Amino acid sequence: MTSENHTTVKVDTSMVMSPTGSATQGSPVSPSTSKPMPELPDELVQAGWSKCWSKRENRPYWFNRFTNQSLWEMPVLGQHDVISDPLGLNAAPAEGTGDAGVGNGQRKRRLSEETAQGGPNSFKRSKIEVGIPVTPTTPIVPISPITPGAKPWNSTTGTEDKPGQHSMPAPAPYRPSVIYWDLDVQTNAVIRERPPANHLPPHPEMELQRAQLTTKLRQHYHELCYQREGIEPPRESFNRWLLERKVLDKGPDPLLPSECDPIISPSMFREVMNDIPIRLSRIKYKEEARKLLFKYAEAAKKMIDSRNATPDSRKVVKWNAEDTMNWLRRDHSASKEDYMERLEHLRKQCGPHVAAVAKDSVEGICTKIYHISAEYVRRIHQAHQTLLKDCNVSDPEAADVQDRLVYCYPIRLALPSPAQPRVELHFENDIACLRYKGEMVKVNRSYFTKLELLYRYSSIDDPRFEKFLSRVWCLIKRYLVMFGAGVNEGTGLQGALPVPVFEALNKQFGVTFECFASPLNSYFKQFCSAFPDTDGFFGSRGPFLNFSPASGSFEANPPFSEELMDAMVTHFEKLLEKSSEPLSFIIFVPEWRDPLTPALHRMETSAFRRHQMSVPAFEHEYRSGSQHICKKEEMYYKAVHGTVVIFLQNAAGFAKWEPTPERIQELLAAYQVSRRALGSPGPSSAPTTLSPASAGGSGDKDSIAAKTAPERSASLDTSPARQDNSSSSNPVEKTTPPSETASV
């Protein structure tokens, strides 16, 4: 029987949470049929039986989604499980006779009547969390309203089973072979109860428009850099511009900035200036160094001649450029080191004068991009408001929020979601493909299963999964747009720690929460992420800079943006000063010391620093930022930087999760395990291509962070270097003296 010949009439009912937190069975929703259908007992529903309709035979049949068994008569209670009891030794006796080999009076459907099996794309219903009992000293777990009598989502079609709708029985649940997350870890993060957020609910139509305008903005940036300065835009600089702007932005759009002060981005200005007059790439051979030196001298002379420079600047640059060219013509026996030394000398002599004449032009690029972005935000916001108005979505009444401590819960939106358009789903081997208006997004099947589980845990307004596919499409599309279209571009924004490291953090230091993650790369089901509107339905607590926990143990692996990391440290110190409850942050940042970044300097000198250690470069791994779509063998890659691990804790947090030598050794051992035991998901020798980086400029670390490997700018970069420049490969550890910790 094909999928066109039957329709599911009834499926298992949902487990719902009552207002008191007890688990009860929701009332089944009966379809409107010409003939009344008998209800299935709860025991059969829990055993996987559902009632379907055969369109060809015009009569009902019963199907077990766990065993793929089909029967014309309703199954009998006590029928044996063909998996755990294949011979039926423990089955209850039943009256009647049937076909040979089928006990309990059941008549098995004929082979010609068996339903053709579709791809294994359904998921086993996950267990529902039960609220923690409330005691006078226990934070309250908010109970979210769930609609009773809801039908489960059919993962095969992505919709609720309805009478008259063609669908096929759900096959056995898909079980990923390798798991990179643990969604059973409960949170210890406690916050003040907060009202729903005022973000506009996501919609595929608006996400498609945002994607088109963001791509157009990237093109404008590319054209401005080429037309005004004759250079390609620095790799990943647009992505880091988005990160840096959102630290300051107060506009309504979750992705594009529109209300920032100052208008000129320090990040974009620094990176573009660093590539003027030409981009300085990594050099391997002598001829490359010679050619690069000649190009730099020629470009500097051409720029100073074509710009409005002072006579002194023009004289200095032209003299140094001509002197370098004469040296190149007469000296053909120089080594690579000679060429690089000459290049560094030329940059020091000409760089300030070249930067002075290019300053106004680069500021114009930054200003132009910002104003175009603000105009695009205005268009998107206006179109979104019109869409909500057409769908009769109005502002709800203000939510009644009590001043109480609760365990952290996913961010909620104040506005209800409008009706969602149809999003098509199909599977290509182990890839789930979702299409809306010809725009397709893809995700590995195991990560699609993860999103389904997170949605069950976190979404409260869609118990029938009617909006699940459209929300997954919006989520993946948002991150694709943020990453960019280049090869491996943006993957550094989503890199993650290896699984053994997360396990050690949870076991040794009670970590249950990620400060910088996404539904795609998170290890725990509680995390903060960049986009509250799309990610909240999948467990996000919103952006971390807007998240204020009173207690808990947290892991922080921020994107490699200097401005974002600096804002992160400011937020950490405010939280630690304010709270008297146990509060701990374990931060993983790249060891950038030439020059030293403000964030790293502030953490190393912080009064809350309890311990510090370094993990050498190329001796530890990260999970790829494209882990939700990459191949298994590309899952891990070696870090090209050393990573500094810093423990910031208040007094209560230090007493509860003290970084003792034993615990630190367990954490370091987890890095070793990640290199040995996790060779199956992906070898550590994933290619790390060093892209051009400026030789010695102040923006080098920004360029290298996202260019040197498919690394998450928010990911763990580890720094092998100590401040004493020791050559030992052992991780460096620094612990706060007892007297210092006692005084905090």
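Worth saying up front: this structure is predicted, and the values here are computed from it rather than measured.

K.L.:
Looking at this structure, I do not really get unusual backbone geometry. What am I missing?
P.N.:
Phi is mostly negative for residues that are not glycine, and the peptide bonds are mostly trans. Residues Ile-276 and Pro-277 are joined by a peptide bond in cis, for which omega reads 5 degrees. Between Asp-594 and Pro-595 the backbone carries a cis peptide bond, its omega angle lying at 0 degrees. Structurally, the position occupied by Pro-595 is in the loop between strand E16 (583–590) and helix H13 (598–604). Positive phi is not limited to glycine here, since Glu-236 has a value of about 70 degrees. Among the residues examined, Glu-236 registers a relative accessible area of 4% and is labelled buried.

K.L.:
Would you take a moment to explain the nonpolar core for this structure?
P.N.:
Soluble globular proteins: nonpolar side chains tend toward being buried together. Ranked by size, the top nonpolar core spans 124 residues in total, and within it Ile-276, Leu-434, Phe-448, Leu-505 and Phe-538 carry the most contacts. The element best represented in this core is helix H7 (residues 336–390), accounting for 17 residues.

K.L.:
What am I meant to see in the side chain of Ser-458 here?
P.N.:
Position of Ser-458 among the secondary structure elements: in helix H8 (residues 445–458). Take Ser-458: its relative accessible area is 3%, and that puts it in the buried class. Within the local environment of Ser-458, its side chain forms a polar contact with the backbone nitrogen of Gly-539, the two atoms lying 3.1 Å apart. For Ser-458, the contacting residues outside a window of four places in its chain are Pro-410, Arg-412, Gly-536, Phe-537, Phe-538 and Gly-539.

K.L.:
Even after reading the chapter, I still don't get the pattern of salt bridges, so can you show me in this structure?
P.N.:
Any two side chains of opposite charge can pair if their charged atoms end up close together. Summed over the entire model, instances satisfying the criterion amount to 28 salt bridges. Two residues, Glu-452 and Arg-456, come together in a salt bridge whose shortest N-O distance is 2.6 Å. Residue Glu-452 and its partner Arg-456 are both found in helix H8; the two are separated by four residues, about one turn of the helix. Through salt bridges that share partners, Glu-207, Arg-210, Asp-253, Arg-478 and Asp-533 make up one connected network.

K.L.:
Could you clarify how one ought to interpret the packing of helix H2 (residues 204–229) against helix H9 (residues 468–483) in this entry?
P.N.:
In helix packing, the relevant descriptors are the interaxial angle and the interaxial distance, both defined with respect to the helix axes. At their nearest, the axes of H2 and H9 sit 10 Å apart, and the two run at 5 degrees to each other. On the basis of their axis angle, the class for H2 and H9 is roughly parallel. Listed contacts from H9 to Pro-204, Glu-207, Leu-208, Arg-210, Ala-211, Thr-214 and Arg-218 of H2 are Ser-470, Trp-473, Cys-474, Lys-477, Arg-478, Val-481, Met-482 and Phe-483. Partitioning the contact of H2 with H9 into residue classes produces eight nonpolar, two polar and five charged.

K.L.:
Help me understand helix H4 (residues 266–274), please; the structure alone is not making it clear to me.
P.N.:
An α-helical turn contains 3.6 residues, so a residue and the one three or four places further along point in the same direction. Burial analysis of H4 places seven of its nine residues in the buried class, which makes it a mostly covered element. Listing the buried residues of H4 in full gives Ser-267, Met-268, Arg-270, Glu-271, Val-272, Met-273 and Asn-274.

K.L.:
I'm lost on the packing of aromatic side chains in this one. Help?
P.N.:
Geometry of an aromatic ring pair is reported as the spacing of the ring centres plus the angle between the planes. Taken as a whole and assessed by the stated rule, the structure comprises 29 aromatic pairs. Centre to centre, the rings of Tyr-436 and Trp-473 are 5.4 Å apart; their planes meet at 70 degrees, and the pair counts as edge-to-face. Linking Tyr-436 in strand E12 (residues 431–436) with Trp-473 in helix H9, this pair joins segments that are 37 residues apart in sequence. Residue Tyr-436 shares its accessibility class with Trp-473, and that shared class is buried. An angle of 75 degrees between the planes, with centres 5.7 Å apart, marks the rings of Phe-560 and Trp-592 as edge-to-face. A residue pair is termed long-range when its members are at least 10 positions apart, and Phe-560 in the loop between strand E15 (549–556) and helix H12 (562–578) and Trp-592 in the loop between E16 and H13 qualify at 32 residues. Note on Phe-560: relative accessible area 0%, which makes it buried. A connected cluster of aromatic rings, assembled from ring pairs, spans Phe-513, Phe-516, Phe-544, Phe-547, Phe-554, Phe-572 and Phe-585. Above the ring of Phe-654, the side-chain terminus of Arg-610 is found at 4.9 Å from the ring centroid.

About the criteria used
- Residues take numbers from 1 onward in each chain, read along the sequence in its written order.
- The predicted nature of this model means local features are confined to residues of pLDDT at least 70 and side-chain atom pairs, given and counted, to a pLDDT of 80 or more, with totals for whole chains, interfaces and linings taken over all residues.
- Each side-chain value is worked out from all heavy atoms of the structure, with water and hydrogens disregarded.
- By the criteria applied, helices consist of DSSP H or I runs no shorter than four residues and strands consist of E runs no shorter than two, each listed in order from the N terminus.
- Type-normalised accessible area, obtained with a 1.4 Å probe on protein chains alone, sets the label of each residue: buried when under 20%, exposed when over 50%, and partly exposed for intermediate values.
- Take the buried residues of types Ala, Val, Leu, Ile, Met, Phe, Trp, Tyr and Cys, join any two whose side-chain atoms come within 4.5 Å, and each joined set is a nonpolar core.
- For the purposes of these results, a polar contact is taken to be a pair of N or O atoms within 3.5 Å, where, inside protein, one atom must be able to donate a hydrogen and its partner to accept one; residues adjacent in sequence count only when each atom of the pair is a side-chain atom.
- Residue contacts are defined here by distance: any two heavy atoms, one from each residue, within 4.5 Å place the two residues in contact.
- Salt bridges are identified by distance alone: a Lys or Arg side-chain nitrogen within 4 Å of an Asp or Glu carboxyl oxygen.
- Between the N-to-C directions of two axes lies an angle of 0 to 180 degrees, each axis being a line fitted to C-alpha atoms and, for a helix, fitted only over the stretch in contact.
- Each angle receives one of four descriptions, namely roughly parallel if under 35 degrees, roughly antiparallel if over 145, roughly perpendicular if within 65 to 115, and oblique otherwise.
- Put simply, Ala, Val, Leu, Ile, Met, Phe, Trp, Tyr, Cys and Pro go in the nonpolar bin, Asp, Glu, Lys and Arg in the charged bin, and everything else, Gly too, in the polar bin.
- Only Phe, Tyr and Trp rings are paired, with Trp represented by its six-membered ring, and only when their centres lie within 6.5 Å; those with planes under 30 degrees apart are stacked, over 60 edge-to-face, the remainder tilted.
- Charge-over-ring contacts are defined here by two conditions on Lys NZ or Arg CZ: a distance within 6 Å of the ring centre and an angle within 35 degrees of the ring normal.

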